[in-house]
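Listed below are the residues making up each chain.
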Amino acid sequence: MPFTVIQWFFCASVFLLPAEMNSQITAPQSSAIAGVQHHGSWKVLYEENFEDPAHLFKSGPPQWVADTYQDTDKFSDGGAHFKRLGITPPAAFRAEGPFGKSGWLSVASYSRSNLTKFTDLFEVVPDPAAPNNHVLKISSPKHTDGTVVRSTNALSKKYRVCLKVGFASFGDGKPGASLNGYAGGETDEPWLSGDATLENGFYWLTILDATPRPHNNIWIHHHRKVTIDVDNNKEAWTNIWEGKSWIADGQHPVTMFAIDKDGADDDSTGRPFLTWSNGALQPSGAIRSVDAYKDNTWYSACIERNEDVFVLTTSGDFKWGGQQTYVASIPVRSVYSTGEAIPDFFMFGDPHNNYYRGSVYYDDIKLEAWQQ
């Protein structure tokens, strides 16, 4: 979640991590927190565990085509905001297509070369912790590449989406001479004019109000609604709860937040954050991370939406809290105006085409809907 100016759910499912990890993650019952869903139950609509090749692309992987999404809204790559600044987007290519049972998932990739191998960006591979299991690897060999997986269709009014994420290699956030996962010398041009290597990361899971696909980093600042993500930042503008206090630390922060609809809408950074950390929702604009993730480790992540509350959950073995389940409850009214009919899409991966370089693994994606 790169910033140009200094400025992350909940699941009743049990995720069993690989035997080598010798750990079990169980997220608590969401209704006990939200207190609103007393009649009915969750029904699994779709699941994807990457074990059945038939669930992938039926006619082969998607092919690169010229980018036709450069001017779809104000902050898209060639949108009005950038036209006003005299910025022209580079020639680029996109590869998009549905996969999974009934095509419930879609991949959207971006590259500035149509010679890029799609399998270098999106590939089913052996689990790095348990090779007999198969998982999805999303990679950005260049910081100008981007790949996300999204819900093909907009979500229902009540939903819960869960997945596993881990073994990330998207920088370290160490200050000083660290390249932070980059080759060196990368910039965030043409949409900005700064040093891209100051920040590197990926989205564990997020909800957007527009069809997710890679764009410049400013675009997502105006479309994300609730998020669990990581931004390894060398300037330490994230404050991580380290058990006794918040410490300015940009190394592997896990941030759980919503966007404050009542905050000022800045062209570069969007509206301010409502982060959840140390067991509570933090003041608007405070960037306070819940903990830090470890290398070579699997985590679970969920986002639930019901009538009144977004519930965000992360579980796993964290740097400071150890084996933990973090549960954030954020009022829907803080994110959307009453009666506002805006679609929700879930997304994970690397959505930026001017930031982020590395790879990360995902597995066991599940979408549920609430039924009376």
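What counts and how
- Residues numbered from 1 in each chain as written.
- Predicted model: local features only at pLDDT ≥ 70, side-chain atom pairs only at ≥ 80, totals over all residues.
- Heavy atoms only, no water.
- Core = buried A, V, L, I, M, F, W, Y, C linked by side-chain atoms within 4.5 Å.
- Buried < 20%, exposed > 50% of the residue type's maximum accessible area, 1.4 Å probe, protein only.
- Helix = DSSP H or I, 4+ residues; strand = E, 2+ residues; numbered from the N terminus.
- Disulfide = S-S within 2.5 Å.
- Pairing = 2+ DSSP bridges.

A.B. asks: How would you sum up the nonpolar core? Please name residues and give values.
C.D. replies: The tendency in soluble globular proteins is for nonpolar side chains to be buried side by side. Membership of the largest hydrophobic core comes to 72 residues, with the highest contact counts inside it found for Phe-202, Trp-204, Leu-312, Phe-346 and Phe-348. Examining the composition of this core, we find that six residues originate from one element, strand β11 (residues 199–208), more than from any other. If you look at the next biggest cluster of nonpolar residues, it comprises six residues, including Val-125, Ala-129, Val-135 and Tyr-361.

A.B. asks: Could you give an account of the state of the cysteines, with specific residues and numbers?
C.D. replies: Tallying each qualifying case throughout the model produces one disulfide. Across the disulfide from Cys-162 sits Cys-302; the S-S distance is 2.3 Å. On the sign convention where negative means left-handed, the S-S torsion of about 115° between Cys-162 and Cys-302 marks this disulfide as right-handed. With Cys-162 in strand β10 (residues 159–169) and Cys-302 in strand β20 (residues 298–305), this pair connects stretches of sequence that are 140 residues apart. Judged by relative accessible area, which is 0%, Cys-162 ranks as buried. Overall, Cys-302 belongs to the buried group, its relative accessible area being 1%.

A.B. asks: Describe the pairing of strand β6 (residues 105–111), and please don't skip the residues or the numbers.
C.D. replies: Where a strand is regular, its side chains alternate between the two sheet faces. Buried residues dominate β6, accounting for seven of its seven residues. Across seven bridges, the pairing between strand β5 (residues 93–99) and β6 is antiparallel. Within β6, the position partnered with Phe-99 by the bridge is Leu-105. Bridge analysis of β6 against strand β9 (residues 146–151) gives six bridges, and the strand direction is antiparallel. Paired with Ser-109 across the two strands is Thr-147, which belongs to β9.

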